[in-house]
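Residues per chain, in single letters:
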Amino acid sequence: MKRFLNKLYEKSMFKNILKISEYMLASIINAVIAAASTVILTRIFSPETFGIVNLFNSASSVIMGIMCIGMDSSYIRFFYDPPNGDSNKVLAQKCILIPIVNVLLWGSLIVAFGGEQFSNQFIGIKSISAAIFIFANVLGQIIIRFLNINYRMQGDTHKYFVQSVLTQLFLKLFVVAAALITVNNVVIIGFNALGILFLACIYICIQFKSVFGDVKKTSLSYKGYKEVVFFAVFICPISIISYLNTYTSQLIIKKNLGAHDLGVFSAAALFISAIAVFRTGFVTFWSPFMYKNYETHNKEICMANRIVILFCILGFCIILLASDLLYLLIGENFREQQQILGFLLINPLCITAMETTYYGIAIAKKNHISLINNLVSLLFNCALCYFFTQYWGLTGAVISSAVSGVLLFALNTFWGQKYYRSVDSILRQIQFIAVIFIISFLYYTLYSQKWIFNFIILTFLILELIRNKKLFSMILSLKKYNEGDKYE
């Protein structure tokens, strides 16, 4: 038996599936923690408070993207090939130094000269303490992000797993603890920030030497790091725009529809986390795999696109079929407008599928193209969300999100395939978009007649499983994909 398993492990496809499954386990546990906290918080918090907490975290993510100025992405991109023949420890020092200095410098200036106005604009709470908590949260997130990237790029799945789960656990435990003792929004977001900052301090003690080495022997000079800095500067707006897409939608909903609807919208993110389980686990493995193997593993890369699209569709259908049971996890005050769920999930589905189609842009170092594509998507989302919410409420918000997600998928896929072929059928990508839109429309219109919708989707799932039986057979048997195999 042991000899048989060793032979199986030698197969590259099997090794990759094992590695993805290890990353996926962390995502699954994180999703369980997030779901459990949502179950508790939506029964303790009002929709207004729950919405404010989510807006605080979205605002922190936007500010983190600004403070990092893309150095976290450069750390990933140049991890295996640092400039000047430096070690990745030296690269880590130089990449994290700029974000930390930014947070401390700009955070101090903003808090000192306009803290109340800053927090009021970003999260709707006029408080210097709230501004301090925002920057404390950002600092903790930056530290954890760089340390987490190191485990990920080193392929140290066990430590990555522990750290990811602890991050989610600390974040949720501190918020739940705050919810049990106070209804003050400032205190609650303070607990949120201190939880992540506390964990960051613990892990920087644990990983400091292994990640950064001996800082006394390192020069602060960035000579020879021009390419690293340029890559960061051009990719930075992409990260910011990605965070802004979430934040601006929440901000527009709060302004146009009120904090109550923001809370209902935020609680529905529980369902998005189900898709995020797959995406996070896959992307954590996929990003370093692509940069390391894009020249030699094209067949596996093309196969990954098929697998990801298939699992996106299957997962989407299962969530909608089980939506009545899943909504029982959310507090009664948050169970409104369930018919919008299908459209709400389109954006994360597109972003997940896009992970297998757009890497050609980064490989070709054409980050300005990604920047333009993301900016166009953001502008469409903001404009549509602003106008649609005035006429259709939350339905308008989720439709605008869906349209912007499809637009980003189309633009990035087009340019990604131009520079690196990772898709063996463009038609399959079009069919994917058409299928999820049709299913979402059916769910919305047939919500009051669920039995008809369930019958249609179950029939579709059976046909889809039959159509992809060879692909499933390949996955289950863990046979290495070769050029002679045909999966239609």
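See the structure printed just above.
Predicted, not measured: the structure shown is a model, and the values here were computed from it. (Residues numbered from 1 in each chain as written. Predicted model: local features only at pLDDT ≥ 70, side-chain atom pairs only at ≥ 80, totals over all residues. Heavy atoms only, no water.)

Draft legend 1. Geometry of the overall build of the chain. Along the backbone of the chain there are 20 helices and zero strands. Counting across all 488 residues of the chain, residues that qualify as buried make up 54%. Within the chain, contacts between residues at least 6 apart in sequence are counted, and of these 82% link residues at least 24 apart. In the structure as shown, the chain presents an accessible area of about 21900 Å², 66% of it carried by carbon and sulfur atoms. (Helix = DSSP H or I, 4+ residues; strand = E, 2+ residues; numbered from the N terminus. Buried < 20%, exposed > 50% of the residue type's maximum accessible area, 1.4 Å probe, protein only. Contact = heavy atoms within 4.5 Å. Areas by Shrake-Rupley, 256 points an atom, 1.4 Å probe, with all protein chains shown as cover.)

Draft legend 2. Looking closely at the nonpolar core. Judged by nonpolar contacts, the single largest core of 134 residues is most densely connected at Tyr 75, Trp 286, Leu 341, Leu 345 and Phe 432. Sorting elements by how many residues they give to this core places helix α6 (residues 128-154) first, with 16 residues. (Core = buried A, V, L, I, M, F, W, Y, C linked by side-chain atoms within 4.5 Å.)

Draft legend 3. Structural context of helix α9 (residues 226-256). With 31 residues, α9 extends 44 Å from end C-alpha to end C-alpha; this agrees with the ideal 45 Å at 1.5 Å per step. At Ile 235, α9 shows its largest kink, close to 35 degrees, and the proline Pro 237 lies no more than four residues downstream. The first or second residue beyond α9 is Gly 258, which carries a positive phi of 105 degrees. (Expected span 1.5 Å × (residues − 1). Bend = angle between axes of the 7 residues up to and from the residue.)

Draft legend 4. Region of the structure containing the pattern of salt bridges. Applying the stated rule across the entire model yields five salt bridges. Lys 450 is the salt-bridge partner of Asp 324, the closest N and O atoms lying 3.0 Å from each other. Of the two residues, Asp 324 is situated in helix α13 (residues 323-326) and Lys 450 in helix α19 (residues 450-467); the sequence distance between them amounts to 126 residues. Ionic contacts of the salt-bridge type, sharing partners, join the residues Arg 306, Asp 424 and Arg 428 into one network. (Salt bridge = Lys/Arg side-chain N within 4 Å of Asp/Glu carboxyl O.)

Draft legend 5. Quick peek at unusual backbone geometry. Backbone geometry places Ile 69, a non-glycine residue, at a positive phi of 40 degrees. Accessibility expressed as a relative area gives 28% for Ile 69, which makes it partly exposed. Even without being a glycine, Gln 337 presents a positive backbone phi close to 50 degrees. Tracing the backbone through its elements, the reader meets Gln 337 in the loop between α13 and α14 (341-354).

Draft legend 6. Looking closely at the packing of aromatic side chains. What the rule picks out here adds up to 18 aromatic pairs. The structure contains a cluster of three or more aromatic residues connected by ring pairs, namely Tyr 75, Phe 79, Tyr 80 and Phe 146. Just above the ring of Phe 78 sits the side chain of Arg 77; from NZ or CZ to the centre is 5.8 Å. It is Lys 94 that lies over the ring of Tyr 225; its NZ or CZ is 5.4 Å from the centre. (Phe/Tyr/Trp six-rings, centres within 6.5 Å; stacked < 30°, edge-to-face > 60°. Lys NZ or Arg CZ within 6 Å of the ring centre and 35° of its normal.)

Draft legend 7. Molecular detail of the environment of Gly 155. By the element assignment, Gly 155 lies in the loop between α6 and α7 (157-181). When its relative accessible area of 27% is taken as the criterion, Gly 155 is described as partly exposed. Taking C-alpha positions, Gly 155 is 8.9 Å from Pro 288, a pair spaced 133 residues apart along the chain.

Draft legend 8. Looking closely at a nonpolar patch on the surface. Together, Leu 97, Val 101, Leu 105, Trp 106, Leu 109, Phe 113 and Leu 220 make up an exposed nonpolar region whose accessible area comes to about 730 Å². The topology assignment puts Val 101 in helix α5 (residues 88-123). According to the relative accessible area criterion, Val 101 is partly exposed, its value standing at 43%. (Patch = residues over 30% accessible without salt bridge, like charges linked within 9 Å, V, L, I, M, F, W, Y side chains within 5 Å.)

Draft legend 9. Highlighting the environment of Leu 199. Of note, Leu 199 is situated in helix α8 (residues 185-212). According to the relative accessible area criterion, Leu 199 is buried, its value standing at 1%. For the pair Leu 199 and Ile 143, spaced 56 residues apart in the sequence, the C-alpha separation amounts to 9.6 Å.

Draft legend 10. Structural detail: the side chain of Asn 374. By the secondary structure assignment, Asn 374 is in helix α16 (residues 367-392). Here the side chain of Asn 374 touches Ser 370 through a polar contact of 2.7 Å, landing on its backbone oxygen. In this structure, Asn 374 is in contact with Ile 238, Ile 241, Leu 408 and Asn 412, ignoring residues within four places of it in sequence. (Polar contact = N/O pair within 3.5 Å; in protein donor to acceptor, adjacent residues only side chain to side chain.)

Draft legend 11. How the structure looks around the side chain of Ser 249. Position of Ser 249 among the secondary structure elements: in helix α9. Engagement of the side chain of Ser 249 in a polar contact is seen with the backbone oxygen of Asn 245, the distance being 3.0 Å. Here Ser 249 is in contact with Leu 244, Asn 381 and Cys 385, once residues within four sequence places are set aside.

Draft legend 12. Layout of helix α3 (residues 47-68). Its 22 residues place the ends of α3 32 Å apart at the C-alpha level, agreeing with the 32 Å of an ideal helix rising 1.5 Å per residue. Of all 22 residues that make up α3, 18 are buried, and the element is covered over most of its length. Residue Ile 69 follows α3 closely and has a positive phi angle near 40 degrees.

Draft legend 13. Geometry of the packing of helix α12 (residues 298-321) against α19. Two elements in contact, α12 and α19, have axes separated by 11 Å at closest approach and are oriented at 155 degrees. Overall, the two elements α12 and α19 adopt an arrangement that is roughly antiparallel. The interaxial crossing formed by α12 with α19 has left-handed handedness. Facing α12, whose interface residues are Leu 310, Ile 313, Leu 314, Cys 317, Leu 320 and Leu 321, α19 presents Phe 453, Asn 454, Ile 457, Leu 458, Phe 460, Leu 461, Glu 464 and Leu 465. (Axes fitted to C-alpha atoms, helices over the stretch in contact; angles between N-to-C directions. Parallel < 35°, antiparallel > 145°, perpendicular 65-115°, else oblique. Left-handed = near helix turned anticlockwise from the far one by under 90°.)

Draft legend 14. How the structure looks around the environment of Ile 76. With respect to the helices and strands, Ile 76 occurs in helix α4 (residues 71-77). Owing to a relative accessible area of 8%, Ile 76 belongs among the buried residues under this scheme. Ile 76 sits 77 residues away from Met 153 along the chain, and the two C-alpha atoms are 7.2 Å apart. Discounting residues that sit within four places of it in the chain, Ile 76 has contacts with Arg 145, Ile 149, Arg 152, Met 153, Ser 287 and Tyr 291.

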